[in-house]
Amino acid sequence: MGNFEFGVSLRLTADGTEWTEKSRRAEELGYDHLTVPDHLGPGRLSPFPALTAAAAVTERVRVGTLVSNVPFYNLALFARDVATTNKLTNGRFELGLGSGHMKHEFDDAGLPWRKAADRITYLTEGLAELRTRVEDEGGMPKLLIAGNSDGVLKLAAEQADIVGFAGLRQDRGRPPGTFVLDNDVAMDDRVAYFRSLAGDREINYNMLIQRVVVTDDRRKAAEEWHAETEERSAANVDELLRAPQLLFGTVDEMVQQLIAQRERYGFSYFTVFEAMMETFAPVVAELRGR
């Protein structure tokens, strides 16, 4: 298990000035990683130019995709963007890869929606082609592979520098992209499966935190979350209090929760969403470098 590292996923911006301010603020608050997701929709950022701009106005923070939706792309063009971004960020770029999960985005882009096994095959074969294409362009950046399925975790165990867990799974019988939250026992299973494949490889474990609530009453915060998500949550309140994807409590309680997660699951790199960047910052200050 390594020292704690922290990231923030930034999604939206009004203009370049605001993006500069957000990027510098993330670094000022002590975050180690600044990431951008790869989604379509109003106001959504194109990851590679956004990350290049963020690196240009910061000094220390690493920038990366969390994660690139590989089935969106022609691989030759994708490889060009990866190589260019890696060069322009002076080696601070981390490439996050995933197999895609939002059918409506594929529909919007006029791309075929394939079953999960086919998307994972495209990701696997695409990674091999990507490595070949960037070999003479500075080589592969540090690689994060994120997912929950056996196929994606197997690929991460074989090739990733960082494995990303979100603790979400497709809700069977519901439209693609409808998720339920894994409980702590299900997370034990996913991590154990990954470890059984990764063997002695040194891999950093990332957890994408879904909610951060600073409160003196953890149970009340969990009850409110449950009320908001009851239709799409398979967890009860007690399970939510144990879920590694959710942080409820005082700053000290959150610090202890993350230390416990590192011991139990091996998570040492935690990412929060932009809306939680300031709220989570005191936890970052307490745990950075520990």
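Computed from a predicted structure; not experimentally measured.

Enquirer: How do you make sense of the side chain of Thr 215 when you look at a structure like this?
Expert: With respect to the secondary-structure elements, Thr 215 resides in the loop between strand S11 (211-214) and helix H8 (218-229). Within polar-contact distance, the side chain of Thr 215 engages the backbone nitrogen of Asp 217 at 2.9 Å. Every residue in contact with Thr 215, bar those within four places of it in the chain, is listed here: Ala 221, Phe 248, Gly 249, Thr 250 and Glu 253.

Enquirer: So what exactly am I meant to see when it comes to helix H7 (residues 184-198) here?
Expert: Since the α-helix packs 3.6 residues into each turn, any two residues three or four apart lie on the same face. Look at H7: 21 Å from first C-alpha to last across 15 residues, which is about the 21 Å you get at 1.5 Å a residue. Looking only at H7, the buried set comprises Asp 184, Ala 186, Met 187, Arg 190, Val 191, Phe 194 and Ala 198. Down the axis of H7, the sector holding all buried residues measures 160°, keeping them to one side. Facing away from the buried side of H7 by more than 90 degrees, the exposed set consists of Val 185 and Ser 196. N-capping of H7 is provided by Asn 183, with a side-chain oxygen placed 3.1 Å from the backbone N of Val 185. Phi turns positive, to about 60°, at Gly 199, one or two residues after H7.

Enquirer: It is not clear to me how the packing of aromatic side chains should be interpreted in this structure. Could you clarify?
Expert: To describe a pair of aromatic rings, you give the distance between the ring centres and the angle between the ring planes. Counted according to the given criterion, the structure contains 16 aromatic pairs. Their ring planes at 70° and their centres at 6.1 Å tell us that Phe 48 and Phe 93 sit as a pair that is edge-to-face. On the criterion of sequence distance, the pair formed by Phe 48 in helix H2 (residues 47-56) and Phe 93 in strand S5 (residues 93-98) is long-range, its members being 45 residues apart. Across the pair, exposure class does not vary: Phe 48 and Phe 93 are buried alike. Centroid distance Phe 165 to Phe 267: 5.6 Å. Interplanar angle 50°. Geometry classified as tilted. Of this pair, Phe 165 sits in strand S7 (residues 162-165) while Phe 267 sits in strand S13 (residues 267-273), placing them 102 residues apart in sequence. Each of the two residues, Phe 165 as well as Phe 267, counts as buried. Clustering of aromatic rings is evident, with ring pairs tying together Phe 4, Phe 6, Phe 165, Phe 194, Tyr 205, Tyr 265, Phe 267, Phe 270 and Phe 280.

Enquirer: Could you clarify how one ought to interpret a negative patch on the surface in this entry?
Expert: On the surface, Asp 216, Asp 217, Glu 223, Glu 224, Asp 252, Glu 253 and Glu 286 cluster together into a negatively charged patch. Of all elements in the fold, only H8 and helix H10 (251-265) reach the threshold of two or more residues within the negative patch. Its location among the elements puts Glu 224 in helix H8.

Enquirer: What is the right way to read the packing of H10 against helix H11 (residues 277-287) from this model?
Expert: The description of two helices packed together rests on the angle between their axes and the distance between the axes. H11 packs onto H10 with a crossing angle of 60° between their chain directions and a minimal axis gap of 9 Å. Looking at the two axes, H10 sits oblique to H11. In the packing of H10 onto H11, the handedness of the crossing is right-handed. Seen from H10, the contacting residues are Val 251, Met 254, Val 255, Leu 258 and Ile 259; seen from H11, they are Phe 280, Pro 282, Val 283, Glu 286 and Leu 287. Classifying every residue of the contact of H10 with H11 gives nine nonpolar, no polar and one charged.

Cut-offs and rules
Residues numbered from 1 in each chain as written. Predicted model: local features only at pLDDT ≥ 70, side-chain atom pairs only at ≥ 80, totals over all residues. Heavy atoms only, no water. Helix = DSSP H or I, 4+ residues; strand = E, 2+ residues; numbered from the N terminus. Polar contact = N/O pair within 3.5 Å; in protein donor to acceptor, adjacent residues only side chain to side chain. Contact = heavy atoms within 4.5 Å. Expected span 1.5 Å × (residues − 1). Buried < 20%, exposed > 50% of the residue type's maximum accessible area, 1.4 Å probe, protein only. Arc of directions from axis to C-beta. Phe/Tyr/Trp six-rings, centres within 6.5 Å; stacked < 30°, edge-to-face > 60°. Patch = residues over 30% accessible without salt bridge, like charges linked within 9 Å, V, L, I, M, F, W, Y side chains within 5 Å. Areas by Shrake-Rupley, 256 points an atom, 1.4 Å probe, with all protein chains shown as cover. Salt bridge = Lys/Arg side-chain N within 4 Å of Asp/Glu carboxyl O. Lys, Arg positive; Asp, Glu negative; His and termini not counted. Charge placed at Lys NZ, Arg CZ, Asp CG, Glu CD. Axes fitted to C-alpha atoms, helices over the stretch in contact; angles between N-to-C directions. Parallel < 35°, antiparallel > 145°, perpendicular 65-115°, else oblique. Left-handed = near helix turned anticlockwise from the far one by under 90°. Nonpolar A, V, L, I, M, F, W, Y, C, P; charged D, E, K, R; others polar.

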